[in-house]
Structure formats: C-alpha cells, structure tokens
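If you want the building blocks of each chain, they are given just below.
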Amino acid sequence: MPANTYLIERERRVLESARVGIAGAGGLGSNAAMLLVRAGMKNLTIADFDRVNESNINRQFFFRRQIGRKKIDALAENLRMIEPDVNLEMLDMRLTPANAVKAFSRCSIVIEALDSADAKKMLIDALLPSGRPLVSAAGLAGWGRSNDIRVRRVGRNLILVGDQTRDVRGGLAPVGVRVCIAAAMEANCAVSLLLGEEL
Amino acid sequence: MKLTYQGNETEAAPSTVAEFLQARGVAITESVVELNGEILTGDDALSTALAENDVVNAFHIVAGG
C-alpha cells in the first residue's frame, strides 16, 4: 500500500519513479522530505552535515530523543516510519560549488533547504546551469504574514518560495509555523512539477 | 531610457545592471538578478549594459531554513 492512497495510477508511477534532491535537512529540508514521502515519493537524495540540536525541535522533523544524532540518520529513521520502502540516498556532506552538481546528478528536481543566505546563493549559482528545476526558499522567519509567502518563477528554471524579506539575521527567530509553510510550498512545487500541474 | 524594474516602468540613465541595482540599494551579491527573463549568473553578467525596454528584477536571498 503506497503512503498516499489517493493517487491515481499515473500519478503513483510518476512519483514513485522520480528522484528529488534536498539540499539540507533542517527546518525546510526535513519537513519537505516528510511531505514528499507522504505524497508518495520513493526516491530522495538528501545532503546535510549537521547534528540534531535542541534548538531544532521548534520546527524540524526530529524528536527530542534524536538530539545529538546526525540529521541524515535521524531523518532517514523518521521517513522510514512513514514509508518503510523509501529509497534514500543520505549524503553526509557540506555542499560546495565543487560538489553540489555531482551530489544531485541523479535528481530531476532539487529543493534548496539551506540556512545561510550565502549557502542559498551558492547552491543557486551552482545548480541553475544544469537547466533542471531548482526550488529555493528565502524569507520565512518569524510568525504571521502567511499571505506574504508566495511562489515566483524566476528565469528558466528557478522557483523562489518565501517573502524575500523576513530573515533570521534581523532578529526574527526561525519558527515552525512559518518555516513549515515554506517547506510545504517547496514540496508542493516539486510534486506539481513532476505531475505537470500548475505550481 | 525606459525600463521595467520589479514590474514597474521607470526611467534610468544608461548604466550596467550592477550600477542600476546598486543605485536602488539592492545588495547584488545577495540577490538573484533577472534580465529579460534570464537569470544573470556570475559577476561578469552584472556588468551587462542596460538597453531600452529591458525588464529587470532582483530577488533578495535572505537567511533562514
């Protein structure tokens, strides 16, 4: 039985055969991964170098008993609780301009789910030339202002989620209520692209 | 010359994309810049001279995830 029992046959085949990459397993990446597996995806490539920290529990798809563990290991465990058959390629690495393209070479879509603005920009610059869709998020800190978070198509293959304004450097905390909106929108964009639907 | 910037028509003196955006307070190293529907990647691309009726958009990439 697939994780998403509402899919018609064509949708199930598309989602089960595609591979989506997720750069980062924090607030955006862990929740986007959770939603993609619940949507019916079976193949994910997820890259992260960090460990679960107490400050992550407010928004990331981890649990208190997982504090201190590698995020890629804890996330794999959690995703397999949703769908035991999921085919995960978990990469224990810090993404750089030199390794990002190869890391996601098997993926038809990549979701940018990094933290710092520099890292986000680095990944965009590194992956855009591939021509494959890149879904990125910026402007998701704090709470409220749900309607300011939107999806924009930029250039040929960049999809930007967020309000492009409210960042964590301005004293706003990263909080689950708003980070998860952006994570869900990123996952929704990936599913829509795969199924040929409007974003 | 006439340009469209962030969806609004505007008048601008001849300049490069970088000069045009910096004059408007855009942090170009922290932004994705789109010129006529194409994303400009690399510092060289931002030194492209603007032309009449160009459409320019800048999207600020801010931290958080």
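Residues numbered from 1 in each chain as written. Chains lettered and ligands numbered in written order. Predicted model: local features only at pLDDT ≥ 70, side-chain atom pairs only at ≥ 80, totals over all residues. Heavy atoms only, no water.

Regarding the sheet that holds strand β4 (residues 38–40) of chain B
All names here are of chain B.
Then, in step 1: If you walk across this open sheet you meet the five strands as β2-β1-β5-β3-β4, and the pairing is mixed. Because the sheet does not close on itself, it has two edges, and the strands there are β2 (8–11) and β4. Within the sheet, the average angular offset between the axes of one strand and its neighbour, ignoring direction, is 35°. (Pairing = 2+ DSSP bridges. Helix = DSSP H or I, 4+ residues; strand = E, 2+ residues; numbered from the N terminus. Axes fitted to C-alpha atoms, helices over the stretch in contact; angles between N-to-C directions.)

As for the environment of A:L160
Then, in step 1: Structurally, A:L160 is set in strand β7 (residues 158–162).
Then, in step 2: A residue is classified by how much of its surface remains accessible, and A:L160, at 0% relative accessible area, is buried.
Then, in step 3: Contact partners of A:L160, with chain neighbours within four places excluded, come to A:S136, A:R150, A:V151, A:R152, A:V154, B:F59 and B:I61. (Buried < 20%, exposed > 50% of the residue type's maximum accessible area, 1.4 Å probe, protein only. Contact = heavy atoms within 4.5 Å.)

Some words on the confidence of the model for chain B
Then, in step 1: Of all residues in chain B, 98% attain a pLDDT of 70 or more, and the chain-wide mean is 94.
Then, in step 2: Mean pLDDT per element in chain B: β4(B) is the minimum at 94, and strand β1 (residues 2–5) of chain B is the maximum at 98. (pLDDT = per-residue confidence, 0-100.)

Here we look at the side chain of A:Q66
Then, in step 1: When you line up the elements, A:Q66 lands in the loop between β2 (43–48) and α3 (71–82).
Then, in step 2: For A:Q66, the residues in contact, after removing those within four places along its chain, are A:V52, A:A74, A:E77 and A:N78.

Examining the interface of chain B and chain A
Then, in step 1: Taken together, the contact pairs 16 residues of chain B with 29 residues of chain A.
Then, in step 2: Summed over both partners, the interface of chain B with chain A comes to about 1800 Å²; 64% of that surface belongs to carbon and sulfur atoms.
Then, in step 3: There are one salt bridge connecting chain B and chain A.
Then, in step 4: Here chain B is connected to chain A by seven residue pairs in polar contact (both at pLDDT 80 or more). (Buried area = accessible area lost by both parts, 1.4 Å probe. Salt bridge = Lys/Arg side-chain N within 4 Å of Asp/Glu carboxyl O. Polar contact = N/O pair within 3.5 Å; in protein donor to acceptor, adjacent residues only side chain to side chain.)

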